[in-house]
Each structure stands twice: as C-alpha cells, then as structure tokens.
Amino acid sequence: MRILIVEDETLTAADIEEKLTAFGYEIIGTVRTYEEAINVVKKDLPDLVLLDIKIAGNKDGIETAKAINQIAQLPIIFLTAHSEQAMVKRAMLAHPSAYILKPFRTEDFVISIDLAIHNFYAFQNQAKPQSGWWDTEKALKDAVFVPSKQGGHEKVWKQDILYLEADGYISTLYTADSHFVISTNIKTIEAQLTDPTFIRISKQHLVNLPHVRRIANSSLWIRDKELVIGREYKEAFFEKIPKLKTKLD
C-alpha cells in the first residue's frame, strides 16, 4: 500500500509516517501544499492519500482532493482538528473515503485506511444490474462499510442503523439484527454520518431519528432500548423533532 501524506505540520507528518511505516505501509511522499500534492500524484500515483483539510498555501485540502479526483480516482482520507458541520458538509462534496479527527491514535489510522480502501473499491467494482437502477452516488450516500466480526467489512444501509454507543475509543453500531464493534471514537464516526437523520444525544450515543419511537422527559426509546438525552444535547435534539401542537398560535 503506497500512501501520500499531505500535512503541513512537520512533527505531525513525521509521526504519521513513522507509525504507518511500522505497520508496513509505504510512504511515497510527505508534502505541505496543493501544488506539491498534485505534482506527486501526477508523477508517482499513490494507492491512497492522507490529506489534512488545513494545509499551507492558498488552496486547502478540500480543493486539493477535488483536483486529485480530476487526475485519478483515489481513496482519500481527510485529517482535521475541526468537526463543525459546515466544514464537514463541504469536505463531503470532495467524496472522501474516510474522515479522521485529530487527535488520533495509530489504531484510528489502521482501521480508517482499511475501511477507506474497502469502501472505495467496493463501490468502484459494484456490478450494475441490467435494469440500470444502480447509481454509485446513491451507493455512496445510502450505505457504509463497517468492520465485520467475520473479518473484512460488511455493507450496512444507513437507514438500518438504529444507534451508536461509545465506550472511550470503542464504538458499537447497532442495527435491528446485528451489531458492529468499531475501534474508533464516536466523533470520528459522527463526522462521516452527515445525513440529517443522525443526531448526537449524549457523549455516548448517536441516534438515527426515524427509529425513535418514544420520547419522555430526558429519555428516548429505540425499540426497547432506553437512551438518556444529555443536558447539553437537549436543545439541538428537540429542535429536530416535529411535535404535534395542542394549541395553534
């Protein structure tokens, strides 16, 4: 696996290179700017690009990713210390294969690289039925590939996700008939599930609103599971909930 690192913080770039080399990845270059990244991609096509959103120069990582996509379709993982929704939504327009929030652990990289490769090539190689209904953009929007207990990654439709539960740097994704343990924090996953139906209700939980069947005081229920809504998340949560008024204004 040949990786290009685009990161303008020298110590961070060196740390990433050292850790990934220890795991057997080949680093073909570490660059700081849009121009340098484009030159490496043109001259020595990498298998994957690790790209910080905030880089040196006049063009940021999002613009760099879009330019790389014009040269070749490559899996790109965004690195950032920012998790604002406006930034995330803009970043997603560049179609990254994964998204890692700083500060990160080595395990975050290994899991995200594996996930990015599987996501990218699964969608690239997905056979299109003769009916013509299949659309890659739809696939990118409606499903994610998550680590499977059987090894590799398994496709999960976003509409089937009930909720996520975090325990430090371990997150568990629950569907109606299964669950998936993911070795990363819930903020990293939240940054990639940008659909408006997904909303954080506490430090430990992210829920898929269509599956919420009941709300009472500071709790909600998904199926038979009661989840507590954190105090600092209440206002944003209830703004999302359409409630029938008992009195018209």
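Before going further, it helps to examine the overall build of the protein chain. When its secondary structure is counted, the protein chain shows 8 helices and 15 strands. Taken across its 249 residues, the protein chain has 48% of its residues classed as buried. In the protein chain, of all internal contacts separated by at least 6 residues, the share reaching a separation of at least 24 is 52%. A total of about 13500 Å² of accessible surface is found on the protein chain, and carbon and sulfur atoms cover 50% of it.

With that out of the way, let us pick up the nonpolar core. Within the largest apolar cluster, 28 residues are counted, with the highest numbers of intra-cluster contacts made by Leu4, Val6, Val49, Phe78 and Tyr99. Elements with a contribution of two residues or more to this core: β1 (2–6), β2 (26–31), α2 (34–43), β3 (48–52), α3 (61–71), β4 (76–80), α4 (85–92) and β5 (98–101). Broken down by element, this core gets its largest block of residues, 5 residues, from α2. Apart from the residues within four sequence positions on either side, Leu4 is in contact with Ile28, Gly29, Val31, Ala37, Val40, Val41, Pro46, Leu48, Val49 and Leu50. Judged by nonpolar contacts, the second largest core, of 17 residues, contains Ile3, Leu50, Ile77 and Phe104.

Positionally, Asp60 belongs in the loop between β3 and α3. Here Arg90 takes part through its side chain, which lies 2.9 Å from a polar atom of the side chain of Asp60.

Attention now moves to the packing of aromatic side chains. Counted according to the given criterion, the structure contains 2 aromatic pairs. Here the aromatic rings of Tyr163 and Tyr174 are separated by 4.7 Å at their centres, their planes lie at 25 degrees, and the arrangement is stacked. Of this pair, Tyr163 sits in strand β8 (residues 161–167) while Tyr174 sits in strand β9 (residues 170–175), placing them 11 residues apart in sequence. When its relative accessible area of 7% is taken as the criterion, Tyr163 is described as buried. Ring geometry for Phe237 against Phe238: centres 5.2 Å apart, planes inclined by 75 degrees, an arrangement best described as edge-to-face. The ring of Tyr34 is capped by Lys59, whose NZ or CZ atom sits 4.4 Å from the centre of that ring.

A few words on the sheet that holds β9. Strands sit in the order β10-β9-β8-β12-β11 across an open sheet of 5 strands; the sheet is antiparallel. The sheet terminates laterally at β10 (179–182) and β11 (198–200), the two strands that pair on one side only. Within this sheet the neighbouring strands show an average axis-to-axis angle of 15 degrees, counted without direction. Here β11 runs beside strand β12 (residues 205–208); their pairing, made up of 3 bridges, is antiparallel. Each residue of the ladder has a partner; that of Arg200, found in β12, is Leu206.

The sheet built from 3 strands is open, its strands ordered β13-β14-β15 with antiparallel pairing. Unpaired on one side and paired on the other, β13 (212–216) and β15 (225–228) mark the two borders of the sheet. Each neighbouring strand pair of the sheet contributes to a mean axis angle of 25 degrees, computed without reference to strand direction. Strand direction decides the pairing type here: β13 and strand β14 (residues 219–222), joined by 4 bridges, are antiparallel.

Turning our attention to the confidence of the model for the protein chain. Mean pLDDT over the protein chain stands at 83; residues scoring 70 or higher make up 85%. Averaged pLDDT values over the elements of the protein chain bottom out at 53 in helix α6 (residues 136–142) and peak at 96 in β12. Note that pLDDT drops below 50 for residues 127–139; the model gives that stretch 10 contacts with residues more than four away or on any other chain.

Right, let's talk about the pairing of β8 for a bit. Counting buried positions over the 7 residues of β8 gives 5, a clear majority of the element. In terms of strand pairing, β8 meets β9 through 6 bridges, oriented antiparallel. Paired with Tyr163 across the bridge in β9 is Tyr174. Two elements, β8 and β12, share 3 bridges in a ladder whose sense is antiparallel. Each bridged residue has a counterpart across the sheet, and for Glu165 the counterpart in β12 is His205.

As a further point, take the packing of α2 against α3. Each pair of packed helices can be summarised by the angle the axes make with each other and by the distance between the axes. Contact pair α2 / α3: the axes reach a minimum separation of 10 Å and the direction vectors enclose 20 degrees. Judged on the interaxial angle alone, α3 and α2 are roughly parallel. In this structure, α2 crosses over α3, and the sense of that crossing is right-handed. On α3, the residues that touch Tyr34, Ala37, Ile38, Val41 and Lys42 of α2 are Glu63, Thr64, Ala67, Ile68 and Ile71. Split by residue class, the contact of α2 with α3 holds 7 nonpolar, 1 polar and 2 charged.

The rules behind the values
Residues numbered from 1 in each chain as written. Predicted model: local features only at pLDDT ≥ 70, side-chain atom pairs only at ≥ 80, totals over all residues. Heavy atoms only, no water. Helix = DSSP H or I, 4+ residues; strand = E, 2+ residues; numbered from the N terminus. Buried < 20%, exposed > 50% of the residue type's maximum accessible area, 1.4 Å probe, protein only. Contact = heavy atoms within 4.5 Å. Areas by Shrake-Rupley, 256 points an atom, 1.4 Å probe, with all protein chains shown as cover. Core = buried A, V, L, I, M, F, W, Y, C linked by side-chain atoms within 4.5 Å. Polar contact = N/O pair within 3.5 Å; in protein donor to acceptor, adjacent residues only side chain to side chain. Phe/Tyr/Trp six-rings, centres within 6.5 Å; stacked < 30°, edge-to-face > 60°. Lys NZ or Arg CZ within 6 Å of the ring centre and 35° of its normal. Pairing = 2+ DSSP bridges. Axes fitted to C-alpha atoms, helices over the stretch in contact; angles between N-to-C directions. pLDDT = per-residue confidence, 0-100. Parallel < 35°, antiparallel > 145°, perpendicular 65-115°, else oblique. Left-handed = near helix turned anticlockwise from the far one by under 90°. Nonpolar A, V, L, I, M, F, W, Y, C, P; charged D, E, K, R; others polar.

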